[in-house]
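Next come the chains, spelled out residue by residue.
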Amino acid sequence: MRHLMSPLDFSTEELDLLFGLAEDIRKNPAKYAHACHGKILATCFYEPSTRTRLSFESAMIRLGGQIIGFADAASSSASKGESVSDTIRIISCYADICAMRHPKEGAPMVAAEKSLIPVINAGDGGHQHPTQTLTDLLTIHSLKGRLGGFTIGLCGDLKFGRTVHSLIKALVRYHDIKFVFISPEELRVPDYITDLLKSRNIPYEEVIRLERVMPQLDLLYMTRVQKERFFNEEDYVRLKDFYILNADKMALAKKDMLVLHPLPRVNEISVEVDEDPRAAYFRQAQYGVYVRMALILTLLELEPACE
Ligand code: CP
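All of these numbers come straight from a predicted model, not from anything done at the bench.

K.L.:
I'd love a proper account of the site of the ligand, names of residues and values included.
P.N.:
For the ligand, the full set of nearby residues is Ser49, Thr50, Arg51, Thr52, Arg101, His129, Gln132, Pro262 and Leu263. Here an oxygen atom of the ligand and a backbone polar atom of Arg51 are 2.9 Å apart. In isolation the ligand has 250 Å² of accessible area, and contact with the protein removes 91% of it.

Written out as structure tokens, the structure is:
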């Protein structure tokens, strides 16, 4: 039995297979419409979500399976003090696979140790968000045609943004990538990330002004400031609108630069950018369904069902 805790749990060769499957699902959805007949996905979300939970549920329904779950800790027995370990033992009796989001870093790993079914980390605190990373990689692969040979800017909350940490760890396995980290001093990418890049001689630059680096970027990954991870409201209010990507800043970028964002967005991308053909964040959310369909099939070791 296999779980997904980190984007590094799959080799790059396995990711190629996963993305090939996701592309096939995108092109031939009918072929997969019954692949999960009789299977149940549990979504156990101890923290709010729109995209991750609903795209997992949409993925399972599109595969012909069924869903159960809870959308917040308050409506589960966690509110009575039940541990994650006990909860997953129970969920193992009810479902065939579980996607779990939790505010505590490592909680899905604790669950995986006790689980009798595959567990997918759907985001744990400020740590990792591997299925967002799979979504990001599939989007880049599909829209750019490659997973290497580019300069990527990551902008915003690089300290608390778990999608950023997971994406960097995944991208260092590909060739010829330069990272540009764009953040205020207080929200710099953690040292363990820059140490990783140094240890592998991967080029990176840290800057504060987005405008200065826009012309060199092939990809711009915007993030929101993670309000829920701040210890005081005053710091959040001071930093929340530090970056606002607008049409003037987009005018400085390459004609084929793509803007990605894991979403939700707050103010960091002006709505006027949505009409720019380089804005890829809504397409990215759609790719999230295909890659989660491919992931469910892979972890359950299922093939498309014959009609
Ligand atoms: N990108 C993402 O994780 O969005 P949700 O928090 O809405 O799931």
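K.L.:
I'd like a description of the domain arrangement of the chain, backed by residues and values.
P.N.:
Partitioning the chain into structural domains gives domain 1 (7-128 + 287-300) and domain 2 (131-285). One C-alpha centre belongs to domain 1, the other to domain 2, and the line joining them spans 25 Å. With 30 residues of domain 1 at the contact, the number on the domain 2 side is 26 residues. With both chains or domains summed, domain 1 and domain 2 bury close to 2,300 Å², and 58% of this area falls on carbon and sulfur atoms.

K.L.:
Explain the pattern of salt bridges to me, using residue names and the numbers behind them.
P.N.:
Opposite charge on two side chains lets them pair, provided their charged atoms get close. In total, this model carries 16 salt bridges according to the counting rule given. Note that Glu205 and Lys178 form a salt bridge whose closest N and O atoms lie 3.2 Å from each other. One end of the pair, Glu205, is in strand β7 (residues 204-207); the other, Lys178, is in strand β6 (residues 177-182), with 27 residues separating them in the sequence. We note a salt bridge from Lys254 to Asp218, for which the minimum N-O separation is 2.8 Å. Residue Lys254 is found in the loop between α10 (247-250) and β9 (258-260), and its partner Asp218 is found in the loop between α8 (210-213) and β8 (219-222); the two are separated by 36 residues along the sequence. Note on Lys254: relative accessible area 31%, which makes it partly exposed. One connected set of salt bridges, linked through shared partners, spans Lys178, Glu205 and Arg212.

Calculation notes
Residues numbered from 1 in each chain as written. Predicted model: local features only at pLDDT ≥ 70, side-chain atom pairs only at ≥ 80, totals over all residues. Heavy atoms only, no water. Near = heavy atom within 4 Å. Polar contact = N/O pair within 3.5 Å; in protein donor to acceptor, adjacent residues only side chain to side chain. Areas by Shrake-Rupley, 256 points an atom, 1.4 Å probe, with all protein chains shown as cover. Domains from an automatic or database assignment. Contact = heavy atoms within 4.5 Å. Buried area = accessible area lost by both parts, 1.4 Å probe. Salt bridge = Lys/Arg side-chain N within 4 Å of Asp/Glu carboxyl O. Helix = DSSP H or I, 4+ residues; strand = E, 2+ residues; numbered from the N terminus. Buried < 20%, exposed > 50% of the residue type's maximum accessible area, 1.4 Å probe, protein only.

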